[in-house]
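# Observations on chain architecture
The primary structure of each chain is shown beneath.
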Amino acid sequence: MTPKIARFLASRQPATPCLVVDVDRVAENFCALQAALPLARIYYAVKANPAPAVLSRLVGLGSFFDAAGIEEVEACLAAGAPASSISFGNTIKKSTAIARAHAAGVPIYAFDSAEELAKIARHAPGRRVYCRILVENAGADWPLSRKFGTTIESARELMLQAASLGLDPYGLSFHVGSQQTDTAAYEAAIGRVAMLFTDLRERGVNVRMVNLGGGFPVAYRDEVPGIDRFGLAIGNAIARHFGNALPEIVVEPGRFIVGDAGVVSAEVVLVSRRSKSDPVRWVYLDIGRFGGLAETEGEAIKYRITTTHDGDEAGPVAIAGPTCDGADILYERANYRLPLSLACGERIELHAAGAYVSTYASQGFNGFAPLAEHYI
Ligand SMILES: *Cc1c(COP(=O)(O)O)cnc(C)c1O
């Protein structure tokens with residue numbers, strides 16, 4: 001937690017549950033990534049946290065933006081981003097959304113199927129398009145591979161088709177999976193894309209951009225390699241596979257930009273045991289799966305949790321949310337331990353919760369309001 005967030009929580013004691021985001025940390029993360037990948041243009045993946053304070057801070061730093069839907073396009077424009085800085089990066093778009101983005105001046109559109117390509121040709125004629133390739137997501141705590149991307153063979157065909165549909169076959173993209181902790185995933189994907197890139201150029205296609213997606217990890221309960229390690233591995237892989245004929249390089253980070261800039265402050269609602277002899281206590285918080293912590297699905301993202309009793313003797317716990325839904329369990333198998341002195345009514349913090357939390361909160365399941373947010 002940044003000193004600014006610590007001061008805010010101590011002095012303001014905001015009602016829980018709430019998310020507090022230090023926007024200066026967002027800016028620092030953007031600059032750290034730019035320093036690690038000096039050749040890349042950064043398109044912030046808006047879906048990670050679309051708060052106006054985050055977007056306008058990034059606009060001020062000259063960031064570009066990856067929007068998943070027309071509402072995100074409009075949020076970027078409202079934050080002062082020029083339309084030319086926005087990419088419509090979802091491969092699944094309503095025709096009306098494509099048409100509205102085109103009318104607003106959004107220049108770049110993603111696709112991974114012939115059907116989507118036809119929609120773009122019809123509703124955003126002449127625009128730049130890039131094809132998303134299916135790559136391995138091993139090493140990612142939050143994989144994305146099954147839903148998106150196409151094979152190299154079909155990408156080759158689709159890029160040729162894009163040109164014949166009057167679109168500009170601008171580039172190729174991939175996503176190695178979110179919270180990707182293995183630099184080798186990027187190296188392997190760059191190798192795959194480079195072969196197709198060269199092949200397309202030899203066939204006369206004017207392809208000139210490679211989009212490495214997002215995936216850069218943040219430290220949750222476990223440490224992760226620093227961003228410099230990813231920068232180095234990616235830089236070397238690009239040099240190895242492209243030599244002097246460097247394409248334009250794009251990255252679309254979401255989690256890395258906002259993740260460790262946010263803290264969730266929550267209250268312990270109940271600490272109980274199933275039976276007197278059960279060593280495992282159940283700790284129920286006033287935030288759970290439906291309050292924004294959707295990425296605890298499958299216990300995939302393991303937030304670091306701190307209490308005011310840290311240092312006291314600790315014991316095993318299961319951690320759950322406050323709703324009447326049996327799925328509202330955060331951690332049962334991930335071997336969390338919390339101080340034995342932890343009691344109901346006390347505040348606890350979940351760290352690095354700035355990404356993929358605020359927008360995942362339900363509208364009022366069990367009567368709970370969406371998560372309160374403070375941008376400082
Ligand atoms: C979600 C997403 C991103 C951001 O991924 P992170 O792992 O948060 O960096 C980037 N690009 C696309 C297409 C996405 O869907």
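Residues numbered from 1 in each chain as written. Predicted model: local features only at pLDDT ≥ 70, side-chain atom pairs only at ≥ 80, totals over all residues. Heavy atoms only, no water.

## As for the overall build of the protein chain
Secondary structure summary: the protein chain contains 10 helices and 18 strands in total. Taken against the 2.2 N^0.38 rule, which gives 21 Å for 376 residues, the C-alpha radius of gyration of the protein chain at 22 Å falls within 12% of a compact globule. With the C-alpha coordinates of the protein chain rotated into their principal frame, the extents come out at 70 × 40 × 35 Å. The burial tally for the protein chain puts 53% of its 376 residues in the buried class. A separation threshold of at least 6 residues defines the contact pool for the protein chain, and within that pool the share at least 24 residues apart is 70%. When the accessible surface of the protein chain is summed, it comes to about 15,600 Å², and 53% of that surface belongs to carbon and sulfur atoms. Charged side chains in the protein chain number 36 positive and 40 negative. The centres of these two groups are separated by 3 Å. (Helix = DSSP H or I, 4+ residues; strand = E, 2+ residues; numbered from the N terminus. Rg over C-alpha atoms; globule rule 2.2 N^0.38 Å. Buried < 20%, exposed > 50% of the residue type's maximum accessible area, 1.4 Å probe, protein only. Contact = heavy atoms within 4.5 Å. Areas by Shrake-Rupley, 256 points an atom, 1.4 Å probe, with all protein chains shown as cover. Lys, Arg positive; Asp, Glu negative; His and termini not counted. Charge placed at Lys NZ, Arg CZ, Asp CG, Glu CD.)

## Looking at the pattern of salt bridges
In total, this model carries 16 salt bridges according to the counting rule given. Note that aspartate 260 and arginine 25 form a salt bridge whose closest N and O atoms lie 3.0 Å from each other. Of this pair, aspartate 260 sits in the loop between α10 (255–258) and β12 (262–273) while arginine 25 is found in helix α2 (residues 23–36), placing the two residues 235 residues apart along the sequence. Given a relative accessible area of 24%, arginine 25 falls into the partly exposed group. A salt bridge links glutamate 297 to arginine 289, with the nearest nitrogen and oxygen atoms 3.5 Å apart. Accessibility expressed as a relative area gives 46% for glutamate 297, which makes it partly exposed. A relative accessible area of 16% places arginine 289 in the buried class. (Salt bridge = Lys/Arg side-chain N within 4 Å of Asp/Glu carboxyl O.)

## Description of the site of the ligand
Close contacts around the ligand come from 13 residues, with Lys47, Ser178, Glu252, Arg255 and Tyr356 the closest. The side chain of glutamate 252 places a nitrogen or oxygen atom 2.5 Å from a nitrogen atom of the ligand. In the model, an oxygen atom of the ligand is placed 2.6 Å from a nitrogen or oxygen of the tyrosine 356 side chain. (Near = heavy atom within 4 Å. Polar contact = N/O pair within 3.5 Å; in protein donor to acceptor, adjacent residues only side chain to side chain.)

## Quick notes on the nonpolar core
Core analysis: the largest hydrophobic core is formed by 105 residues, its most contacted members being Tyr44, Leu172 and Phe216. Per-element accounting of this core gives the leading share, nine residues, to helix α8 (residues 183–202). Per-domain counts for this core show at least three residues from each of domain 1 (50–253) and domain 2 (260–375). Apart from the residues lying within four places of it in its own chain, the contact partners of phenylalanine 216 are Leu33, Leu37, Tyr186, Ile227, Phe230, Ile234, Val251, Pro253, Arg255 and Phe256. (Core = buried A, V, L, I, M, F, W, Y, C linked by side-chain atoms within 4.5 Å. Domains from an automatic or database assignment.)

## Let's talk about the domain arrangement of the protein chain
Domain boundaries assigned for the protein chain yield domain 1 (50–253) and domain 2 (260–375). When each unit is reduced to the centre of its C-alpha atoms, the spacing between domain 1 and domain 2 is 34 Å. Taken together, the 12 residues of domain 1 in the interface contact 18 residues of domain 2. Buried surface at the junction of domain 1 and domain 2, summed over both partners, amounts to about 1,200 Å²; 67% is from carbon and sulfur atoms. Together, Trp142, Tyr220 and Arg221 form the three largest contributors to the area buried by domain 1 at its contact with domain 2, with a combined 63%. At the junction of domain 1 with domain 2, the criterion picks out two residue pairs in polar contact (both at pLDDT 80 or more). Residue classes in the side of domain 1 that touches domain 2 are distributed as eight nonpolar, two polar and two charged. (Buried area = accessible area lost by both parts, 1.4 Å probe. Nonpolar A, V, L, I, M, F, W, Y, C, P; charged D, E, K, R; others polar.)

## Re the sheet that holds strand β5 (residues 108–111)
Ordered by their spatial adjacency, eight strands build a closed barrel running β2-β3-β4-β5-β6-β8-β10-β11, and the pairing between neighbours is parallel. Taken pair by pair, the neighbouring strands of this sheet meet at an average axis angle of 30 degrees, ignoring direction. Sheet topology places strand β2 (residues 40–45) next to strand β11 (residues 248–251); three bridges connect them, and they run parallel. Pairing of arginine 41 across the sheet is with valine 250, part of β11. (Pairing = 2+ DSSP bridges. Axes fitted to C-alpha atoms, helices over the stretch in contact; angles between N-to-C directions.)

## Structural notes on the packing of α2 against helix α9 (residues 227–242)
Each packed pair of helices is defined by two parameters, the angle between the axes and the distance between the axes. Axis separation between α2 and α9 bottoms out at 8 Å; the angle between their running directions is 30 degrees. With respect to α9, the axis of α2 lies roughly parallel. Once α2 is placed against α9, the crossing between them reads as right-handed. In this structure, α2 uses Ala32, Leu33 and Ala36 to contact α9, whose residues at the interface are Ile227, Asp228 and Gly231. (Parallel < 35°, antiparallel > 145°, perpendicular 65-115°, else oblique. Left-handed = near helix turned anticlockwise from the far one by under 90°.)

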